[in-house]
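# Residue-level structural notes
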Amino acid sequence: MLKLVYGPKGTGKTKIILDDVNKAAEIAKGNVVFITDKRISSVSININVRCVYTEEYEINSVEGFNGFIKGLLAGNSDIEYLFIDGIARITKGTLDEVESLLASLSGSDLNVEMTISSSKEDMPAYMLAYLK
């Protein structure tokens with residue numbers, strides 16, 4: 001399952017996804033992973049959540065991030081929930097370039113939620129099926 005949390009910059013998408021991260025940590029039978037581009041205060045994140053900061057891995061493309069995710073999943077098959085805050089910031093790509101990544105993630109058994117800084121009107125048509 002794949003869900004997108006969307007809205008213009010500054011509308012509280014990170015707060016929404018962090019609330020969902022903590023809810024998932026309470027019910028998950030497997031692992032919960034939260035990925036973002038910059039270090040944030042992890043005080044508000046459940047201690048059982050694995051936080052990954054992509055600034056430490058020099059990711060700068062959709063293809064690079066897709067490989068990063070595949071490596072993460074290959075190294076830990078117990079990941080049940082994957083949260084990604086700011087997919088366009090992390091990949092430095094356009095919303096059109098993210099289509100292959102979303103298609104790859106939506107076809108798995110993984111529960112994925114990510115934030116997109118965009119209004120609904122500015123989103124490519126393929127994203128509309130994933131809106132939360």
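Small disclaimer: the values here were computed from a predicted structure and weren't measured. (Residues numbered from 1 in each chain as written. Predicted model: local features only at pLDDT ≥ 70, side-chain atom pairs only at ≥ 80, totals over all residues. Heavy atoms only, no water.)

## Quick look at the overall build of the protein
Put simply, the rule is: The secondary structure listing takes helices from DSSP runs of H or I that are at least 4 residues long and strands from runs of E that are at least 2 residues long, numbered from the N terminus. As defined in this context, the radius of gyration uses C-alpha atoms, and a globule is described by 2.2 Å times the residue total to the power 0.38. Exposed residues in this analysis have more than 50% of their type's maximum accessible area, buried residues have under 20%, and partly exposed residues fall in between, with area computed by a 1.4 Å probe over protein chains only. In this description, contact between two residues means that some pair of their heavy atoms is separated by no more than 4.5 Å. Each accessible area value is a Shrake-Rupley result obtained with a 1.4 Å probe; residue values ignore everything except the protein chains displayed when judging cover. Charge convention: Lys and Arg are scored as positive, Asp and Glu as negative, and His as well as the terminal groups of each chain are ignored. Charged side chains are reduced to one point each, which is NZ for Lys, CZ for Arg, CG for Asp and CD for Glu.
Across its full length, the protein carries four helices and five strands. Counting helices and strands in the order they occur from the N terminus, the protein gives β-α-β-β-α-β-α-α-β. Taking 2.2 N^0.38 as the reference for a compact globule, 132 residues should give roughly 14 Å; the C-alpha atoms of the protein span a radius of gyration of 14 Å, in line with that estimate. If one aligns the C-alpha atoms of the protein with their principal axes, the spans along those axes are about 35 × 30 × 25 Å. Of all 132 residues assigned to the protein, the portion counted as buried reaches 45%. Long-range pairs, those at least 24 residues apart, make up 67% of the contacts in the protein with a sequence separation of at least 6. When the accessible surface of the protein is totalled, it reaches about 7100 Å², and 50% of it is carbon and sulfur. Charge-centre separation for the protein: the mean point of 14 positive side chains lies 5 Å from the mean point of 18 negative side chains.

## Re the nonpolar core
A general tendency of soluble globular proteins is for nonpolar side chains to be buried together. Just so we agree on the cut-off: Remark: nonpolar core denotes a set of buried residues (Ala, Val, Leu, Ile, Met, Phe, Trp, Tyr, Cys) joined through side-chain atoms within 4.5 Å.
If you look at the biggest cluster of nonpolar residues, it comprises 29 residues, and the most contacted ones within it are Ile35, Phe65, Leu82, Ile84, Leu102 and Met114. Within the residue set of this core, elements represented by two or more residues are strand E1 (2-7), strand E2 (31-36), helix H2 (62-75), strand E4 (79-85), helix H3 (87-91), helix H4 (99-106) and strand E5 (111-117). For this core, the element with the highest residue contribution is H2, accounting for five residues. In this structure Leu82 touches Val33, Ile35, Ile69, Leu72, Leu105, Leu110, Asn111, Val112 and Glu113, once residues within four positions along its chain are discounted.

## Things to note about a negative patch on the surface
Let me state the cut-off plainly: To count toward a patch, a residue needs a relative accessible area over 30% and no salt bridge; like charges are then connected within 9 Å, while nonpolar side chains (Val, Leu, Ile, Met, Phe, Trp, Tyr) are connected within 5 Å. Salt bridge, as used here, is a side-chain nitrogen of Lys or Arg placed within 4 Å of a carboxyl oxygen of Asp or Glu.
Together, Glu63, Asp96, Glu97 and Glu99 make up a region of like negative charge exposed at the surface. When you line up the elements, Glu97 lands in the loop between H3 and H4. Judged by its relative accessible area of 45%, Glu97 is partly exposed.

## Comments concerning H4
Note on helix geometry: an α-helix contains 3.6 residues per turn, so any two residues three or four positions apart are oriented the same way. Formally: The directions considered for the arc run from the helix axis to the C-beta atoms.
Where H4 is concerned, the buried positions are Leu101, Leu102 and Leu105. One side of H4 carries all its buried residues, which in axial view fall inside an arc of 95 degrees. Tucked into the core, H4 has its buried residues touching E1, H2, E4, H3 and E5.

## Brief notes about unusual backbone geometry
Backbone geometry at Glu58 places phi at a positive 55 degrees, although glycine is not the residue there. Summarising the element assignment, Glu58 is placed in the loop between strand E3 (49-53) and H2. On the basis of relative accessible area, Glu58 is assigned to the exposed category, the value being 70%. Phi at Lys92 is positive, roughly 55 degrees, even though this residue is not glycine. When you line up the elements, Lys92 lands in the loop between H3 and H4.

## What to know about the packing of aromatic side chains
Working definition: an aromatic ring pair is given by the centre-to-centre distance plus the angle between the planes. Rules: Under the pairing criterion, centres of Phe, Tyr and Trp rings, with the six-membered ring standing for Trp, must be within 6.5 Å; the plane angle then separates stacked pairs below 30 degrees from edge-to-face pairs above 60, leaving the rest tilted.
One pass over the structure, following the stated rule, counts three aromatic pairs. A centroid spacing of 5.1 Å and a plane angle of 50 degrees characterise the contact between Tyr57 and Phe68, whose relative ring orientation is tilted. Taken as a pair, Tyr57 in the loop between E3 and H2 and Phe68 in helix H2 lie far apart in primary sequence, eleven residues in all. For Tyr57, a relative accessible area of 42% translates into the label partly exposed. On the basis of relative accessible area, Phe68 is assigned to the buried category, the value being 17%. Considering the side-chain rings of Tyr81 and Phe83, the 6.3 Å spacing of their centres and the 10 degrees angle between planes classify their relative orientation as stacked. Take Tyr81 and Phe83: they sit in the same class, and that class is buried.

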